[in-house]
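Chain and residue survey
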Amino acid sequence: MLQTFSTQKWDETFSSSTQQQAICNLERGQILYFPQLAFALSPEERNLLSPIYADPHSKNISYQPDNNKLWGVQHLSDEQHLQLKLMLDRFCNQALDFIHALFPQYAQYLVLGRTSFRPVQISKRQTSYRKDDRRLHVDAFPSAPNQGKRILRVFCNINPHGEDRVWRIGEPFEQVAHRFIPNIHKPFPGSAVCLRFLKITKSYRTLYDHYMLCLHNQMKADESYQKKAQQCEVRFPAGSTWIVQTDQVSHAAMEGQYTVEQTVHLPPHAMQDESRSPLRILEKILKQPLV
Ligand code: SIN
Ligand code: FE
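The notes below deal with the structure included here. (Residues numbered from 1 in each chain as written. Chains lettered and ligands numbered in written order. Predicted model: local features only at pLDDT ≥ 70, side-chain atom pairs only at ≥ 80, totals over all residues. Heavy atoms only, no water.)

1. Some words on the packing of helix α4 (residues 173-180) against helix α8 (residues 278-286)
Packed helix pairs are specified by the crossing angle of their axes together with the interaxial distance, meaning the distance between the axes. It is at 10 Å that the axes of α4 and α8 come closest, and there the two elements cross at 40°. If you check the angle between α4 and α8, you find them oblique. With respect to the hand of their crossing, α4 and α8 are arranged in right-handed fashion. Of α8, the residues touching α4 (which contributes F173, E174, A177 and H178) are P278, I281, L282 and I285. Among the residues making up the contact of α4 with α8, the classes are represented as six nonpolar, one polar and one charged. (Axes fitted to C-alpha atoms, helices over the stretch in contact; angles between N-to-C directions. Helix = DSSP H or I, 4+ residues; strand = E, 2+ residues; numbered from the N terminus. Parallel < 35°, antiparallel > 145°, perpendicular 65-115°, else oblique. Left-handed = near helix turned anticlockwise from the far one by under 90°. Contact = heavy atoms within 4.5 Å. Nonpolar A, V, L, I, M, F, W, Y, C, P; charged D, E, K, R; others polar.)

Okay, here's the thing in structure tokens:
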């Protein structure tokens, strides 16, 4: 389930055998775990560790590195606003360099996504079941279709009180898909065009996005599945980092406060073994192209 590394610095160089093992384990749905790789904060940045700066209407504080935009925040002075941006920008650059060093084959295909800061205690958050990440799910987002691209995420627990981030990890993607996909209906004809026209989706919701979103929703809605599905608890201590493909790995975040996370996307053709991508697995089950 976890491949553990002894890495202690963000500008580490990796041997080709370590790179090979990492890519292979990542694509098989393992979590790459770096217990001694911490994201260091300055004393001023540590003052930003408070849930009061998170807009209660947003799930996380988000930073868009390509246009330097921060949102989901409140009550920050101009100076703090800038400090938080710089902190997330630094995390973004470190995480990206690290991914390039660990997965050089992916480098030229990676598409940079958002950076997030998650200062709210997960166990206390009140949300609808679809937004409740304490339920096992694979990641898929209603307004942001990714059209088959992978979701690769780097997480760092920056909790200043030494508190773990606690996840549950569920069964392999093939099992999840075989269990839920046969009961998922096709989308209504024309619905993807309407969603795009009404600007509900940021790009065209492909059949892949439809099935992934339904999979996400049905997993979360199924109380009995949540309790009885094969699963185990994993604790990520403060000061640790982990890399995971959250479109493939069934996960639930149960407890924890203060994490930074960087998302990158990868087209399945850039993988070493494309047949392990959710896109190809769903296409095999449904016997049709989905993008
Ligand atoms: C999630 O992707 O479900 C949330 C992960 C986390 O914030 O720890
Ligand atoms: Fe998730």
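2. Remarks on the site of ligand 1
What surrounds ligand 1 is the set R118, D133, H137, D139, F155, R165, W167, H251 and A253. In the model, an oxygen atom of ligand 1 is placed 3.0 Å from a nitrogen or oxygen of the H137 side chain. R165 is positioned with one of its side-chain polar atoms (N or O) 2.7 Å from an oxygen atom of ligand 1. Here ligand 1 loses 96% of its free accessible area of 260 Å² to cover by the protein chains. Looking at the shell around ligand 1, the elements that each hand over two or more residues are β7 (165-169) and β10 (251-255). Each residue belonging to the shell around ligand 1 can be placed in one class, and the counts come to three nonpolar, two polar and four charged. (Near = heavy atom within 4 Å. Polar contact = N/O pair within 3.5 Å; in protein donor to acceptor, adjacent residues only side chain to side chain. Areas by Shrake-Rupley, 256 points an atom, 1.4 Å probe, with all protein chains shown as cover.)

3. Points about the pattern of salt bridges
Enumeration according to the criterion identifies 17 salt bridges in this entry. Close ionic contact of E223 with R135 constitutes a salt bridge, the shortest N to O distance being 3.3 Å. Of the two residues, E223 sits in helix α7 (residues 223-228) while R135 sits in the loop between β5 (111-118) and β6 (150-157), which places them 88 residues apart along the sequence. According to the relative accessible area criterion, E223 is partly exposed, its value standing at 42%. On the accessibility criterion, R135 (19% relative accessible area) is buried. (Salt bridge = Lys/Arg side-chain N within 4 Å of Asp/Glu carboxyl O. Buried < 20%, exposed > 50% of the residue type's maximum accessible area, 1.4 Å probe, protein only.)

4. Overview of the nonpolar core
Ranked by internal contacts, the top residues of the largest apolar core, which has 43 residues, are L102, F103, F117, I158 and I243. Among the elements of the structure, α1 (16-27), β2 (31-34), β3 (61-64), α3 (78-102), β6 and β11 (259-266) are those that each provide at least two residues to this core. At nine residues, the largest contribution of residues to this core is made by α3. Those residues within four positions of F117 in sequence are excluded, and the remaining contacts are L48, L49, N60, I61, L84, M87, L88, I158, Y258, T259 and V260. Core analysis: the second largest hydrophobic core is formed by 22 residues, F173, V176, I181 and I281 among them. (Core = buried A, V, L, I, M, F, W, Y, C linked by side-chain atoms within 4.5 Å.)

5. With respect to the side chain of E27
Looking at where E27 falls in the secondary structure, it is placed in helix α1. Within the buried core, E27 has no salt-bridge partner, and the shortest N-O distance to an opposite charge, that of R276, equals 5.9 Å. Only 2.8 Å separates the side chain of E27 from the backbone nitrogen of Q272, close enough to count as a polar contact. Not counting the four nearest positions on each side in its chain, E27 is found in contact with Y106, Q245, Q248, M271, Q272, D273 and R276. (Lys, Arg positive; Asp, Glu negative; His and termini not counted.)

6. Quick word on a nonpolar patch on the surface
On the surface, F197, L198 and I200 cluster together into a nonpolar patch covering about 360 Å² of accessible area. Inspection of the secondary structure assignment puts I200 in the loop between α5 (191-197) and α6 (207-221). (Patch = residues over 30% accessible without salt bridge, like charges linked within 9 Å, V, L, I, M, F, W, Y side chains within 5 Å.)

7. Considering the sheet that holds β10
Read across the sheet, three strands follow the order β8-β7-β10 without closing on themselves; strand pairing throughout is antiparallel. Bordering the open sheet on either side are β8 (232-236) and β10, each of which pairs with just one other strand. Recorded for the sheet is a direction-independent mean angle of 30° between the axes of neighbouring strands. One ladder, built from five bridges, connects β7 with β8; its direction is antiparallel. Among the inter-strand pairings, I169 is bridged to a residue of β8, identified as C232. (Pairing = 2+ DSSP bridges.)

Keep in mind that these numbers describe shape and distance, not what the molecule does.
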